[in-house]
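Given next are the chains, with one letter for each unit.
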Amino acid sequence: MHDPASSAAFPPPSRDPSGPGVPDPAVVATLRAAGCVFAEEEALLLAEAAATPAELTALAARRAAGLPLEQVVGWAEFHGLRISVAPGVFVPRRRTELLVAEAVRAAPPRPVVVDLCCGSGAIAAALATALRPAALHAADIDPAAVACARRNLAPLGGLVHEGDLFTALPPALRGRVDVLAANVPYVPTRSLPLLPTEARDHEPPAALDGGTDGLDVLRRVSAAAPGWLAPGGRLLVETSEHQADRAAAILAADGLAPRVVHAEETAATVVTGTRPAAGIRRPLARTAR
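Scope of this entry: the structure provided in the associated data block.

The rules behind the values
- Residues numbered from 1 in each chain as written.
- Predicted model: local features only at pLDDT ≥ 70, side-chain atom pairs only at ≥ 80, totals over all residues.
- Heavy atoms only, no water.
- Buried < 20%, exposed > 50% of the residue type's maximum accessible area, 1.4 Å probe, protein only.
- Helix = DSSP H or I, 4+ residues; strand = E, 2+ residues; numbered from the N terminus.
- Pairing = 2+ DSSP bridges.
- Expected span 1.5 Å × (residues − 1).
- Contact = heavy atoms within 4.5 Å.
- Salt bridge = Lys/Arg side-chain N within 4 Å of Asp/Glu carboxyl O.

### Notes on the pairing of strand β6 (residues 177-182)
Consideration 1: Most of β6 is tucked away, with six of its six residues classed as buried.
Consideration 2: Here strand β3 (residues 112-116) runs beside β6; their pairing, made up of four bridges, is parallel. Within the sheet, the bridge partner assigned to Val-113 lies in β6 and is Val-179.
Consideration 3: For β6 and strand β7 (residues 229-239), the ladder comprises four bridges, and the chain directions are parallel. Bridge assignment links Ala-181 to a residue of β7, and that residue is Leu-236.

### Side note on helix α3 (residues 53-64)
Consideration 1: Compared with the 16 Å implied by 1.5 Å per residue over twelve residues, the 16 Å span of α3 between its first and last C-alpha is a close match.
Consideration 2: Taken together, the buried residues of α3 touch α1 (25-33), α2 (39-49), α4 (69-73) and α8 (197-202).
Consideration 3: One or two steps after α3, the chain reaches Gly-66, where phi turns positive at roughly 110°.

### As for the pattern of salt bridges
Side chains that carry opposite charge are capable of pairing whenever their charged atoms lie near each other.
Consideration 1: Scanning all chains against the criterion turns up 13 salt bridges.
Consideration 2: Across the pair Arg-93 and Glu-203 runs a salt bridge whose closest N-O atoms are separated by 2.8 Å. Taken together, the positions of Arg-93 in the loop between β2 (81-84) and α5 (97-106) and Glu-203 in the loop between α8 and α9 (216-228) put the pair 110 residues apart, joining distant regions of the chain.
Consideration 3: Taking the relative accessible area as the measure of exposure, Arg-93 reaches 5% and is therefore buried.
Consideration 4: Taking relative accessible area as the criterion, Glu-203 reaches 4% and is therefore assigned buried.
Consideration 5: For Arg-94, the salt bridge identified is with Glu-97, shortest N-O distance 3.7 Å.
Consideration 6: For Arg-94, a relative accessible area of 32% corresponds to the partly exposed category.
Consideration 7: Overlapping salt bridges bring together Asp-213, Asp-216, Arg-219 and Arg-246 as one network.

Spelled out as structure tokens, the structure:
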């Protein structure tokens, strides 16, 4: 799930104790010794986050110990935003920006937006920024994720609920949701040991483990989604490319018109399911971007 090189996607920071744009050589050496491929770029980001040389040394030590860079500096870049992240909370991935783009493309004016399995609230924050005004709700079962999402979404007027999938949402949203983003865990249980150490050791297993075939949580979301979507409303989930056809079949069996979108550049795959306005099912469509 987590790309070990994802830290290189951060924008360059503006300052460093050794001079503008110049990484601290000692920090670079520490990061290189720990196997960080982009040691110079990471050293600059750590310098931006540190208030003192002693704090910079401490941050470098945390990163060298294997903590994800985003959790060390306290933020991740996602869809042009700085999203606050915290230890133990799932770090948003750049590939998920495809899900945001598809949701923005499909949303009506003034939509009701729900972000299930919201983690840090990155998807909800991106949608709120792109679709404003929007009625924004997010939910997660993990209290740490809920606290993090509230920090990110409060300035945008979003409401964050704690609970298991739809049970967390206000009942008044039933049949009114225009955009239902659900970045559910989709790693098969047997594949969890193969994940990079950053994800395996420092992110909650519940945010990664999708069950035997990786689609267990998706099945639960798909089964309940038609009752929450407005006519023409859309469910959007991220999967791996090899899971996409099975995921689309699950959505279709639950009465949603499926569509698969894949972006080669980011190796991102999004499966969408639309609640037909007149109860008409449409055949599976595939789109490459």
